Amino acid sequence: MQDKLFIFDTTLRDGEQVPGCQLNTVEKIEVAKALDELGVDIIEAGFPISSPGDFNSIVEISKAVTRPTICALTRAVEKDIEVAADALHFAKNKRIHTGIGTSEYHIKYKFNSNQEEVLQRAVAAVKYARRFVEDVEFYAEDAGRTDNEYLARVVEAVIGAGATVVNIPDTTGYCTPYEYGAKILYLMEHVSNVHKAILSTHCHNDLGMATANSLAGVLNGARQVEVTINGIGERAGNTSLEEMAMIMCSRKDVPVRTDIVTRNIMKTSRLVSTLMRMPVQPNKAIVGRNAFAHSSGIHQDGVIKNRENYEIINPADVGVNESAIVLTARSGRAALKFHYERLGIKMSPEQLDEAYKKFLALADRKKDINDADLYVIAGVTEAEQKRRLKLKFLQVVCGKSSIPMATVQLVIDGEICTATASGSGPVDAAFNAIRQLIHRKVTLEEYLVQAITRGSDDVGKVHIQIANQGNIYYGFSANTDVVTASAEAFIDALSKIV
Ligand code: KIV
Ligand code: ZN
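Residues numbered from 1 in each chain as written. Chains lettered and ligands numbered in written order. Predicted model: local features only at pLDDT ≥ 70, side-chain atom pairs only at ≥ 80, totals over all residues. Heavy atoms only, no water.

### Regarding the site of ligand 1
Inference 1: Surrounding ligand 1, one finds R13, D14, H97, Y139, E141, N167, P169, T171, H202 and H204.
Inference 2: Burial of ligand 1 by the protein chains amounts to 93% of its free accessible area of 260 Å².
Inference 3: Breaking the shell around ligand 1 down by element, the ones donating at least two residues are β6 (135-141) and β7 (165-170).
Inference 4: Within the shell around ligand 1, the residues separate by chemical class into 2 nonpolar, 5 polar and 3 charged. (Near = heavy atom within 4 Å. Areas by Shrake-Rupley, 256 points an atom, 1.4 Å probe, with all protein chains shown as cover. Helix = DSSP H or I, 4+ residues; strand = E, 2+ residues; numbered from the N terminus. Nonpolar A, V, L, I, M, F, W, Y, C, P; charged D, E, K, R; others polar.)

Okay, here's the thing in C-alpha coordinates:
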(Lines give C-alpha, C1' and ligand atoms only; values in the text may rest on other atoms or scores of the structure.)
(Ligands and ions follow the chains in the order given, each with its own letter.)
Protein backbone atom coordinates (compact mmCIF):
# COMPACT_ATOMS: atom_id res chain seq x y z
CA MET A 1 0.00 0.00 0.00
CA GLN A 2 1.45 3.37 -1.01
CA ASP A 3 1.66 6.23 1.50
CA LYS A 4 -0.92 8.97 1.16
CA LEU A 5 0.39 12.33 -0.01
CA PHE A 6 -1.73 15.13 1.47
CA ILE A 7 -2.65 17.89 -0.96
CA PHE A 8 -2.70 21.31 0.70
CA ASP A 9 -4.15 23.85 -1.68
CA THR A 10 -3.20 27.48 -1.17
CA THR A 11 -4.83 28.99 -4.28
CA LEU A 12 -7.04 31.12 -2.03
CA ARG A 13 -4.11 32.38 0.06
CA ASP A 14 -0.70 32.35 -1.68
CA GLY A 15 -2.41 32.31 -5.09
CA GLU A 16 -4.75 35.12 -4.25
CA GLN A 17 -1.84 37.39 -3.22
CA VAL A 18 -1.14 37.99 -6.93
CA PRO A 19 -2.01 41.59 -7.92
CA GLY A 20 -5.26 41.62 -9.89
CA CYS A 21 -6.33 38.12 -8.79
CA GLN A 22 -8.36 39.11 -5.74
CA LEU A 23 -11.70 37.35 -5.40
CA ASN A 24 -14.77 38.34 -3.45
CA THR A 25 -16.28 35.99 -0.85
CA VAL A 26 -18.84 34.47 -3.25
CA GLU A 27 -16.11 33.69 -5.78
CA LYS A 28 -13.87 32.22 -3.07
CA ILE A 29 -16.68 29.91 -1.96
CA GLU A 30 -17.11 28.79 -5.58
CA VAL A 31 -13.38 27.97 -5.80
CA ALA A 32 -13.43 26.23 -2.40
CA LYS A 33 -16.35 24.03 -3.52
CA ALA A 34 -14.47 23.15 -6.71
CA LEU A 35 -11.38 22.26 -4.64
CA ASP A 36 -13.56 20.05 -2.48
CA GLU A 37 -14.86 18.23 -5.58
CA LEU A 38 -11.29 17.95 -6.80
CA GLY A 39 -10.44 16.01 -3.65
CA VAL A 40 -7.86 18.29 -1.97
CA ASP A 41 -7.23 17.48 1.69
CA ILE A 42 -6.61 20.97 3.06
CA ILE A 43 -7.78 24.36 1.78
CA GLU A 44 -5.74 27.33 2.97
CA ALA A 45 -8.56 29.86 2.82
CA GLY A 46 -6.74 33.08 3.72
CA PHE A 47 -4.76 35.20 6.15
CA PRO A 48 -7.56 36.43 8.44
CA ILE A 49 -5.73 39.23 10.28
CA SER A 50 -4.81 40.83 6.93
CA SER A 51 -8.30 42.16 6.12
CA PRO A 52 -11.96 41.88 7.14
CA GLY A 53 -12.61 40.44 3.65
CA ASP A 54 -10.16 37.58 4.24
CA PHE A 55 -11.62 36.96 7.69
CA ASN A 56 -15.16 36.84 6.35
CA SER A 57 -14.20 34.54 3.47
CA ILE A 58 -12.73 32.02 5.90
CA VAL A 59 -15.94 32.13 7.99
CA GLU A 60 -18.12 31.56 4.91
CA ILE A 61 -15.89 28.87 3.38
CA SER A 62 -15.89 27.05 6.74
CA LYS A 63 -19.69 26.97 6.64
CA ALA A 64 -19.96 26.02 2.95
CA VAL A 65 -17.26 23.34 2.66
CA THR A 66 -17.08 20.65 5.32
CA ARG A 67 -15.02 17.71 4.01
CA PRO A 68 -11.52 19.20 3.63
CA THR A 69 -9.65 20.78 6.52
CA ILE A 70 -9.91 24.58 6.40
CA CYS A 71 -6.66 26.32 7.25
CA ALA A 72 -5.93 29.94 8.21
CA LEU A 73 -2.49 31.57 8.03
CA THR A 74 -0.96 33.64 10.83
CA ARG A 75 2.36 35.13 11.82
CA ALA A 76 3.88 33.94 15.10
CA VAL A 77 1.87 36.62 16.85
CA GLU A 78 -0.79 35.97 19.50
CA LYS A 79 -3.33 38.41 18.06
CA ASP A 80 -3.03 36.77 14.59
CA ILE A 81 -3.63 33.36 16.15
CA GLU A 82 -6.68 34.53 18.11
CA VAL A 83 -8.20 36.08 14.97
CA ALA A 84 -7.50 32.89 12.98
CA ALA A 85 -9.19 30.78 15.67
CA ASP A 86 -12.23 33.08 15.49
CA ALA A 87 -12.37 32.91 11.70
CA LEU A 88 -12.27 29.10 11.87
CA HIS A 89 -15.06 28.92 14.44
CA PHE A 90 -17.50 27.17 12.06
CA ALA A 91 -14.98 24.86 10.38
CA LYS A 92 -15.63 21.16 10.93
CA ASN A 93 -11.95 20.32 10.45
CA LYS A 94 -9.66 23.25 11.20
CA ARG A 95 -5.97 24.04 11.11
CA ILE A 96 -3.95 27.08 12.13
CA HIS A 97 -0.82 27.65 10.03
CA THR A 98 1.60 29.76 12.01
CA GLY A 99 5.27 30.47 11.55
CA ILE A 100 8.28 32.75 11.41
CA GLY A 101 11.31 33.35 9.19
CA THR A 102 14.29 31.17 10.11
CA SER A 103 16.96 32.17 7.56
CA GLU A 104 19.85 34.49 8.42
CA TYR A 105 18.21 37.12 6.21
CA HIS A 106 14.90 37.03 8.05
CA ILE A 107 16.40 36.77 11.53
CA LYS A 108 18.84 39.65 10.99
CA TYR A 109 17.08 42.01 8.62
CA LYS A 110 13.40 41.31 9.23
CA PHE A 111 13.35 40.73 12.98
CA ASN A 112 16.69 42.23 14.08
CA SER A 113 16.89 39.19 16.34
CA ASN A 114 18.92 36.01 16.85
CA GLN A 115 18.42 32.28 16.33
CA GLU A 116 17.54 31.46 19.96
CA GLU A 117 14.91 34.21 20.20
CA VAL A 118 13.30 33.15 16.92
CA LEU A 119 13.24 29.52 18.09
CA GLN A 120 11.47 30.58 21.30
CA ARG A 121 8.92 32.63 19.33
CA ALA A 122 8.26 29.62 17.07
CA VAL A 123 7.63 27.33 20.04
CA ALA A 124 5.45 29.91 21.80
CA ALA A 125 3.32 30.42 18.66
CA VAL A 126 2.71 26.69 18.21
CA LYS A 127 1.83 26.26 21.91
CA TYR A 128 -0.52 29.23 21.74
CA ALA A 129 -2.22 27.93 18.57
CA ARG A 130 -2.68 24.50 20.20
CA ARG A 131 -4.85 26.20 22.85
CA PHE A 132 -7.43 26.82 20.10
CA VAL A 133 -7.08 23.88 17.67
CA GLU A 134 -5.62 20.38 17.64
CA ASP A 135 -4.17 20.65 14.17
CA VAL A 136 -1.33 23.20 14.02
CA GLU A 137 1.02 23.56 11.10
CA PHE A 138 4.26 25.48 11.56
CA TYR A 139 6.13 27.16 8.66
CA ALA A 140 9.80 28.02 8.81
CA GLU A 141 9.71 30.87 6.31
CA ASP A 142 12.70 30.94 3.94
CA ALA A 143 13.66 27.42 5.07
CA GLY A 144 15.17 27.02 1.60
CA ARG A 145 17.96 29.39 2.65
CA THR A 146 18.08 28.31 6.31
CA ASP A 147 21.06 26.40 7.62
CA ASN A 148 20.01 22.73 7.98
CA GLU A 149 21.38 22.25 11.48
CA TYR A 150 19.43 25.23 12.88
CA LEU A 151 16.34 24.27 10.84
CA ALA A 152 16.42 20.78 12.39
CA ARG A 153 16.51 22.31 15.88
CA VAL A 154 13.50 24.50 15.05
CA VAL A 155 11.56 21.58 13.55
CA GLU A 156 12.27 19.37 16.57
CA ALA A 157 11.23 22.14 18.98
CA VAL A 158 7.94 22.95 17.23
CA ILE A 159 7.01 19.26 16.97
CA GLY A 160 7.75 19.03 20.69
CA ALA A 161 5.42 22.01 21.19
CA GLY A 162 2.59 20.24 19.39
CA ALA A 163 2.91 20.98 15.65
CA THR A 164 1.19 18.27 13.61
CA VAL A 165 2.66 19.40 10.29
CA VAL A 166 5.92 21.28 9.63
CA ASN A 167 6.18 23.25 6.43
CA ILE A 168 9.63 23.75 4.86
CA PRO A 169 9.05 26.63 2.41
CA ASP A 170 11.49 27.51 -0.32
CA THR A 171 10.05 31.00 -0.06
CA THR A 172 12.34 32.60 -2.64
CA GLY A 173 12.39 29.67 -5.08
CA TYR A 174 16.18 29.48 -4.80
CA CYS A 175 16.80 25.78 -4.06
CA THR A 176 17.71 23.19 -6.66
CA PRO A 177 15.86 19.84 -6.52
CA TYR A 178 18.98 18.09 -5.24
CA GLU A 179 19.43 20.65 -2.45
CA TYR A 180 15.77 20.73 -1.45
CA GLY A 181 15.49 16.92 -1.43
CA ALA A 182 18.66 16.74 0.70
CA LYS A 183 17.16 19.27 3.14
CA ILE A 184 14.07 17.13 3.67
CA LEU A 185 16.22 14.01 4.04
CA TYR A 186 18.42 15.82 6.59
CA LEU A 187 15.33 16.64 8.65
CA MET A 188 14.00 13.07 8.35
CA GLU A 189 17.32 11.77 9.63
CA HIS A 190 18.24 14.38 12.27
CA VAL A 191 14.94 15.38 13.92
CA SER A 192 14.37 12.80 16.64
CA ASN A 193 10.58 13.28 16.85
CA VAL A 194 9.98 13.71 13.08
CA HIS A 195 7.69 10.63 13.01
CA LYS A 196 5.19 12.57 15.19
CA ALA A 197 4.49 15.11 12.42
CA ILE A 198 4.23 15.38 8.65
CA LEU A 199 6.83 17.37 6.73
CA SER A 200 5.37 19.57 4.02
CA THR A 201 6.86 21.11 0.88
CA HIS A 202 6.02 24.68 -0.14
CA CYS A 203 8.02 25.62 -3.21
CA HIS A 204 8.04 28.81 -5.24
CA ASN A 205 8.83 28.86 -8.93
CA ASP A 206 11.30 31.75 -9.29
CA LEU A 207 13.81 29.56 -11.10
CA GLY A 208 11.17 27.28 -12.66
CA MET A 209 11.96 24.45 -10.23
CA ALA A 210 8.92 24.46 -7.92
CA THR A 211 7.45 21.15 -9.12
CA ALA A 212 10.85 19.44 -9.32
CA ASN A 213 11.69 20.64 -5.80
CA SER A 214 8.35 19.45 -4.39
CA LEU A 215 8.87 16.05 -6.02
CA ALA A 216 12.39 15.86 -4.55
CA GLY A 217 10.85 16.65 -1.15
CA VAL A 218 8.30 13.85 -1.53
CA LEU A 219 10.93 11.35 -2.66
CA ASN A 220 12.88 12.13 0.51
CA GLY A 221 10.04 11.82 2.99
CA ALA A 222 7.66 14.82 2.79
CA ARG A 223 4.03 13.66 2.88
CA GLN A 224 2.23 16.93 2.22
CA VAL A 225 2.68 19.27 -0.75
CA GLU A 226 1.47 22.88 -0.82
CA VAL A 227 0.23 23.76 -4.26
CA THR A 228 -2.02 26.08 -6.25
CA ILE A 229 -4.26 25.58 -9.25
CA ASN A 230 -2.41 26.58 -12.44
CA GLY A 231 0.66 27.21 -10.26
CA ILE A 232 -0.47 30.75 -9.54
CA GLY A 233 1.11 32.64 -6.67
CA GLU A 234 3.52 35.37 -5.62
CA ARG A 235 5.98 36.36 -8.39
CA ALA A 236 6.59 33.30 -10.60
CA GLY A 237 4.04 31.30 -8.63
CA ASN A 238 3.85 28.15 -6.51
CA THR A 239 4.06 24.46 -7.32
CA SER A 240 1.08 23.59 -9.48
CA LEU A 241 -1.47 21.15 -8.11
CA GLU A 242 -2.21 19.56 -11.46
CA GLU A 243 1.46 18.84 -12.15
CA MET A 244 2.02 17.16 -8.78
CA ALA A 245 -1.22 15.17 -9.04
CA MET A 246 -0.40 13.89 -12.53
CA ILE A 247 3.18 13.01 -11.60
CA MET A 248 1.77 10.83 -8.81
CA CYS A 249 -0.68 9.20 -11.26
CA SER A 250 1.62 8.69 -14.21
CA ARG A 251 4.84 7.59 -12.51
CA LYS A 252 4.67 4.15 -11.00
CA ASP A 253 8.05 4.69 -9.30
CA VAL A 254 6.78 7.45 -6.97
CA PRO A 255 5.89 5.79 -3.65
CA VAL A 256 2.79 7.85 -2.83
CA ARG A 257 -0.82 8.31 -3.96
CA THR A 258 -3.21 11.26 -3.73
CA ASP A 259 -6.99 11.45 -3.52
CA ILE A 260 -7.22 13.99 -6.36
CA VAL A 261 -10.14 13.33 -8.73
CA THR A 262 -8.05 14.02 -11.80
CA ARG A 263 -10.97 14.29 -14.26
CA ASN A 264 -11.96 17.51 -12.42
CA ILE A 265 -8.57 19.14 -13.01
CA MET A 266 -9.38 20.97 -16.22
CA LYS A 267 -12.67 22.48 -15.08
CA THR A 268 -11.09 23.66 -11.82
CA SER A 269 -8.20 25.18 -13.75
CA ARG A 270 -10.63 27.06 -16.01
CA LEU A 271 -12.72 28.25 -13.09
CA VAL A 272 -9.69 29.70 -11.31
CA SER A 273 -8.34 31.24 -14.50
CA THR A 274 -11.69 32.89 -15.29
CA LEU A 275 -12.48 34.14 -11.80
CA MET A 276 -8.94 35.39 -11.21
CA ARG A 277 -8.62 36.90 -14.69
CA MET A 278 -5.36 35.01 -15.02
CA PRO A 279 -4.87 33.42 -18.45
CA VAL A 280 -3.17 30.01 -18.49
CA GLN A 281 -0.10 29.97 -20.73
CA PRO A 282 -0.87 27.82 -23.81
CA ASN A 283 2.04 25.42 -23.20
CA LYS A 284 1.38 25.03 -19.45
CA ALA A 285 1.80 21.37 -18.49
CA ILE A 286 -1.51 19.49 -18.03
CA VAL A 287 -3.91 22.46 -18.32
CA GLY A 288 -2.51 24.60 -21.15
CA ARG A 289 -4.55 24.79 -24.34
CA ASN A 290 -1.72 23.06 -26.22
CA ALA A 291 -0.94 20.45 -23.56
CA PHE A 292 -2.61 17.72 -25.61
CA ALA A 293 -2.54 19.32 -29.07
CA HIS A 294 -0.51 17.52 -31.69
CA SER A 295 0.24 19.71 -34.66
CA SER A 296 3.03 18.14 -36.66
CA GLY A 297 2.03 15.56 -39.27
CA ILE A 298 4.37 12.93 -37.81
CA HIS A 299 2.90 13.30 -34.33
CA GLN A 300 -0.69 13.28 -35.59
CA ASP A 301 -0.01 10.12 -37.57
CA GLY A 302 1.63 8.50 -34.53
CA VAL A 303 -1.25 9.40 -32.22
CA ILE A 304 -3.83 8.06 -34.69
CA LYS A 305 -1.96 4.73 -34.82
CA ASN A 306 -1.61 4.54 -31.04
CA ARG A 307 -2.29 7.38 -28.62
CA GLU A 308 0.57 6.31 -26.36
CA ASN A 309 3.11 6.91 -29.13
CA TYR A 310 3.10 10.58 -28.19
CA GLU A 311 0.87 10.91 -25.12
CA ILE A 312 1.85 9.97 -21.57
CA ILE A 313 -1.51 11.10 -20.17
CA ASN A 314 -4.94 10.33 -21.55
CA PRO A 315 -6.52 13.82 -21.92
CA ALA A 316 -9.82 12.39 -20.63
CA ASP A 317 -8.10 11.59 -17.32
CA VAL A 318 -7.72 15.31 -16.62
CA GLY A 319 -11.13 16.25 -17.99
CA VAL A 320 -10.19 17.20 -21.56
CA ASN A 321 -12.87 15.66 -23.74
CA GLU A 322 -13.08 16.01 -27.48
CA SER A 323 -16.63 16.51 -28.66
CA ALA A 324 -18.38 15.36 -31.81
CA ILE A 325 -20.74 18.34 -31.70
CA VAL A 326 -19.13 21.12 -33.65
CA LEU A 327 -20.26 24.65 -32.91
CA THR A 328 -21.01 26.87 -35.88
CA ALA A 329 -23.16 29.95 -36.51
CA ARG A 330 -26.01 27.54 -37.28
CA SER A 331 -25.93 25.82 -33.89
CA GLY A 332 -28.82 26.29 -31.51
CA ARG A 333 -28.98 26.99 -27.77
CA ALA A 334 -29.11 23.25 -27.04
CA ALA A 335 -25.69 22.72 -28.62
CA LEU A 336 -24.24 25.64 -26.66
CA LYS A 337 -25.76 24.29 -23.43
CA PHE A 338 -24.32 20.85 -24.18
CA HIS A 339 -20.84 22.33 -24.51
CA TYR A 340 -21.11 24.41 -21.35
CA GLU A 341 -22.26 21.35 -19.43
CA ARG A 342 -19.36 19.37 -20.87
CA LEU A 343 -17.03 22.10 -19.57
CA GLY A 344 -18.69 22.00 -16.15
CA ILE A 345 -20.13 25.54 -16.43
CA LYS A 346 -23.62 25.89 -14.99
CA MET A 347 -25.76 28.70 -16.46
CA SER A 348 -29.24 29.99 -15.66
CA PRO A 349 -31.59 30.28 -18.71
CA GLU A 350 -30.98 34.08 -18.68
CA GLN A 351 -27.21 33.64 -18.61
CA LEU A 352 -27.46 31.10 -21.42
CA ASP A 353 -29.52 33.59 -23.48
CA GLU A 354 -26.87 36.26 -23.00
CA ALA A 355 -24.07 33.82 -23.79
CA TYR A 356 -25.95 32.60 -26.88
CA LYS A 357 -26.22 36.16 -28.29
CA LYS A 358 -22.48 36.61 -27.83
CA PHE A 359 -21.79 33.20 -29.28
CA LEU A 360 -23.79 34.02 -32.44
CA ALA A 361 -22.03 37.36 -32.83
CA LEU A 362 -18.66 35.63 -32.50
CA ALA A 363 -19.59 32.68 -34.73
CA ASP A 364 -20.48 35.17 -37.48
CA ARG A 365 -16.94 36.48 -37.41
CA LYS A 366 -14.94 33.37 -36.53
CA LYS A 367 -15.08 29.95 -38.22
CA ASP A 368 -14.00 27.82 -35.31
CA ILE A 369 -15.50 28.32 -31.87
CA ASN A 370 -13.27 26.48 -29.44
CA ASP A 371 -13.39 25.87 -25.69
CA ALA A 372 -11.22 28.92 -25.00
CA ASP A 373 -13.84 31.09 -26.76
CA LEU A 374 -16.64 29.49 -24.74
CA TYR A 375 -14.85 30.23 -21.49
CA VAL A 376 -14.31 33.83 -22.55
CA ILE A 377 -17.98 34.22 -23.54
CA ALA A 378 -19.06 32.79 -20.16
CA GLY A 379 -16.61 34.99 -18.24
CA VAL A 380 -17.58 38.12 -20.10
CA THR A 381 -21.29 37.39 -19.68
CA GLU A 382 -20.92 37.03 -15.93
CA ALA A 383 -18.71 40.10 -15.61
CA GLU A 384 -21.10 42.19 -17.72
CA GLN A 385 -24.12 41.24 -15.66
CA LYS A 386 -22.40 42.58 -12.55
CA ARG A 387 -21.62 45.99 -14.08
CA ARG A 388 -23.48 49.16 -13.13
CA LEU A 389 -22.01 50.95 -16.12
CA LYS A 390 -22.74 49.50 -19.54
CA LEU A 391 -21.37 50.29 -22.96
CA LYS A 392 -24.36 50.81 -25.26
CA PHE A 393 -22.71 52.20 -28.35
CA LEU A 394 -19.17 52.78 -29.58
CA GLN A 395 -18.03 54.18 -32.88
CA VAL A 396 -14.45 55.02 -33.73
CA VAL A 397 -12.99 56.77 -36.73
CA CYS A 398 -9.29 56.15 -37.27
CA GLY A 399 -6.75 55.39 -39.95
CA LYS A 400 -3.67 56.84 -41.59
CA SER A 401 -3.68 60.68 -41.68
CA SER A 402 -6.94 60.98 -39.76
CA ILE A 403 -7.54 62.20 -36.21
CA PRO A 404 -8.82 59.30 -34.16
CA MET A 405 -12.29 60.13 -32.82
CA ALA A 406 -14.65 58.08 -30.70
CA THR A 407 -18.32 58.46 -29.85
CA VAL A 408 -19.45 56.55 -26.83
CA GLN A 409 -22.85 55.93 -25.26
CA LEU A 410 -22.89 54.61 -21.72
CA VAL A 411 -25.84 53.45 -19.67
CA ILE A 412 -25.14 54.76 -16.18
CA ASP A 413 -27.64 53.43 -13.65
CA GLY A 414 -30.27 53.15 -16.38
CA GLU A 415 -29.62 56.58 -17.99
CA ILE A 416 -28.08 56.89 -21.46
CA CYS A 417 -25.19 59.41 -21.70
CA THR A 418 -23.22 60.28 -24.85
CA ALA A 419 -19.76 61.83 -25.40
CA THR A 420 -17.31 62.30 -28.26
CA ALA A 421 -13.55 62.76 -27.92
CA SER A 422 -10.34 62.55 -29.86
CA GLY A 423 -7.16 60.75 -28.82
CA SER A 424 -3.76 59.55 -29.93
CA GLY A 425 -5.37 56.38 -31.29
CA PRO A 426 -8.81 54.71 -31.33
CA VAL A 427 -8.43 53.22 -27.83
CA ASP A 428 -7.21 56.49 -26.36
CA ALA A 429 -10.11 58.37 -28.03
CA ALA A 430 -12.63 55.86 -26.63
CA PHE A 431 -11.13 56.14 -23.14
CA ASN A 432 -11.20 59.96 -23.32
CA ALA A 433 -14.89 59.90 -24.29
CA ILE A 434 -15.67 57.52 -21.41
CA ARG A 435 -13.69 59.73 -19.00
CA GLN A 436 -15.91 62.73 -19.96
CA LEU A 437 -18.95 60.79 -18.78
CA ILE A 438 -17.53 59.45 -15.55
CA HIS A 439 -16.19 62.68 -14.00
CA ARG A 440 -13.52 60.83 -12.04
CA LYS A 441 -9.80 61.40 -12.07
CA VAL A 442 -8.39 58.03 -13.05
CA THR A 443 -4.97 57.12 -14.35
CA LEU A 444 -4.27 54.11 -16.51
CA GLU A 445 -1.64 51.98 -14.74
CA GLU A 446 -1.58 48.98 -17.06
CA TYR A 447 -3.14 48.04 -20.38
CA LEU A 448 -2.59 44.55 -21.78
CA VAL A 449 -4.07 43.06 -24.95
CA GLN A 450 -3.64 39.35 -25.62
CA ALA A 451 -4.80 37.19 -28.51
CA ILE A 452 -6.14 33.76 -27.59
CA THR A 453 -5.41 31.78 -30.73
CA ARG A 454 -3.59 32.60 -33.90
CA GLY A 455 -5.97 34.00 -36.53
CA SER A 456 -6.76 37.60 -37.42
CA ASP A 457 -10.38 36.69 -36.55
CA ASP A 458 -9.24 35.94 -33.01
CA VAL A 459 -10.74 37.12 -29.73
CA GLY A 460 -8.56 39.72 -27.98
CA LYS A 461 -8.50 39.66 -24.17
CA VAL A 462 -7.89 42.98 -22.47
CA HIS A 463 -6.65 43.43 -18.90
CA ILE A 464 -6.60 46.91 -17.41
CA GLN A 465 -5.42 48.46 -14.17
CA ILE A 466 -6.53 51.97 -13.23
CA ALA A 467 -5.78 54.11 -10.20
CA ASN A 468 -8.22 56.39 -8.40
CA GLN A 469 -7.49 58.19 -5.12
CA GLY A 470 -4.62 55.84 -4.31
CA ASN A 471 -6.60 52.65 -4.99
CA ILE A 472 -6.05 50.22 -7.86
CA TYR A 473 -8.99 48.71 -9.78
CA TYR A 474 -8.82 45.91 -12.33
CA GLY A 475 -10.91 45.46 -15.46
CA PHE A 476 -11.23 42.73 -18.05
CA SER A 477 -13.07 42.08 -21.29
CA ALA A 478 -12.74 40.12 -24.49
CA ASN A 479 -14.02 40.66 -28.02
CA THR A 480 -12.88 40.12 -31.61
CA ASP A 481 -12.92 43.93 -31.80
CA VAL A 482 -10.05 44.98 -29.54
CA VAL A 483 -11.22 48.61 -29.32
CA THR A 484 -14.59 47.45 -27.98
CA ALA A 485 -12.84 44.98 -25.65
CA SER A 486 -10.59 47.81 -24.41
CA ALA A 487 -13.54 50.17 -23.78
CA GLU A 488 -15.41 47.40 -21.96
CA ALA A 489 -12.41 46.49 -19.83
CA PHE A 490 -12.01 50.19 -18.92
CA ILE A 491 -15.70 50.32 -17.97
CA ASP A 492 -15.34 47.08 -15.99
CA ALA A 493 -12.60 48.71 -13.91
CA LEU A 494 -14.51 52.01 -13.58
CA SER A 495 -17.66 50.23 -12.42
CA LYS A 496 -15.71 49.01 -9.41
CA ILE A 497 -15.13 52.62 -8.31
CA VAL A 498 -18.44 54.16 -9.25
O1 KIV B 1 6.37 31.13 0.78
C2 KIV B 1 6.21 31.11 2.02
O3 KIV B 1 7.17 31.05 2.80
C4 KIV B 1 4.85 31.19 2.52
C5 KIV B 1 4.64 30.98 3.98
C6 KIV B 1 3.83 32.10 4.56
C7 KIV B 1 4.03 29.65 4.23
O8 KIV B 1 3.92 31.36 1.76
ZN1 ZN C 1 4.52 30.90 -0.31
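### Quick notes on the packing of helix α15 (residues 426-438) against helix α16 (residues 482-497)
Inference 1: Remark: α15 packs on α16, axes separated minimally by 9 Å, with the N-to-C direction vectors making an angle of 30 degrees. As α15 runs across α16, the sense of the crossing is right-handed. Contact with α15, carried on its side by P426, V427, F431, I434, R435 and I438, involves V483, S486, A487, F490, I491 and L494 of α16 and no other residues of that element. (Axes fitted to C-alpha atoms, helices over the stretch in contact; angles between N-to-C directions. Left-handed = near helix turned anticlockwise from the far one by under 90°. Contact = heavy atoms within 4.5 Å.)

### A few points about the pattern of salt bridges
Inference 1: Applying the stated criterion across every chain, the model contains 27 salt bridges.
Inference 2: For K28, the salt bridge is made with D54, and the minimal N-O distance between the two is 3.1 Å. On the criterion of sequence distance, the pair formed by K28 in helix α1 (residues 25-38) and D54 in helix α2 (residues 52-64) is long-range, its members being 26 residues apart. Of the two residues, K28 and D54, neither departs from the other in class, the shared state being buried.
Inference 3: Taken together, the shared-partner salt bridges in this structure form one network comprising K4, D41, R257 and D259. (Salt bridge = Lys/Arg side-chain N within 4 Å of Asp/Glu carboxyl O. Buried < 20%, exposed > 50% of the residue type's maximum accessible area, 1.4 Å probe, protein only.)

### Focus: the sheet that holds strand β14 (residues 443-451)
Inference 1: The 3 strands are arranged β14-β15-β16 in an open sheet whose pairing can be described as antiparallel. If you trace the sheet from one side to the other, it starts and ends with β14 and β16 (471-479), each paired once. Put simply, the sheet's adjacent strands are angled 15 degrees from each other on average, direction ignored.
Inference 2: Examined bridge by bridge, strand β15 (residues 460-468) and β16 share 9 bridges and lie antiparallel to one another. Paired with Q465 across the two strands is Y474, which belongs to β16. (Pairing = 2+ DSSP bridges.)

### A short note on the nonpolar core
Inference 1: In terms of nonpolar packing, the biggest core is built from 92 residues, with I43, F138, V155, V166, I168, L241 and I265 touching the most fellow members.
Inference 2: When residues in this core are grouped by element, the largest group, 8 residues, is from helix α5 (residues 115-130).
Inference 3: Judged by nonpolar contacts, the second largest core, of 27 residues, contains V408, L410, A493 and I497. (Core = buried A, V, L, I, M, F, W, Y, C linked by side-chain atoms within 4.5 Å.)

### A few points about helix α13 (residues 349-365)
Inference 1: The end-to-end C-alpha separation of α13 is 25 Å, in line with the 24 Å expected for 17 residues at 1.5 Å each.
Inference 2: Burial in α13 covers these residues: L352, A355, Y356, F359, L362 and A363. For α13, the angular spread of buried residues about the axis comes to 135 degrees, placing them on one side. Facing away from the buried side of α13 by over 90 degrees, the exposed positions are E350, K357 and D364. (Expected span 1.5 Å × (residues − 1). Arc of directions from axis to C-beta.)

### Some remarks on the sheet that holds strand β5 (residues 94-101)
Inference 1: One closed barrel holds the 8 strands; their spatial order is β2-β3-β4-β5-β6-β7-β8-β9, and the pairing between them is parallel. The mean inter-strand angle of the sheet, taken between neighbouring strand axes irrespective of direction, is 25 degrees.
Inference 2: Across 4 bridges, the pairing between strand β2 (residues 6-9) and strand β9 (residues 224-227) is parallel. Bridge pairing in β9 links F8 to E226.

### Some points on the packing of aromatic side chains
Inference 1: With the rule as written, the count across this model stands at 4 aromatic pairs.
Inference 2: Considering the side-chain rings of Y128 and F132, the 5.3 Å spacing of their centres and the 75 degrees angle between planes classify their relative orientation as edge-to-face.
Inference 3: Linked through ring pairs, F431, Y447 and F490 together constitute an aromatic cluster.
Inference 4: Sitting over the ring of F111, R121 keeps its end group 5.3 Å from the ring centre.
Inference 5: The ring centre of Y105 lies 4.0 Å from the NZ or CZ of R145, which sits over that ring. (Phe/Tyr/Trp six-rings, centres within 6.5 Å; stacked < 30°, edge-to-face > 60°. Lys NZ or Arg CZ within 6 Å of the ring centre and 35° of its normal.)

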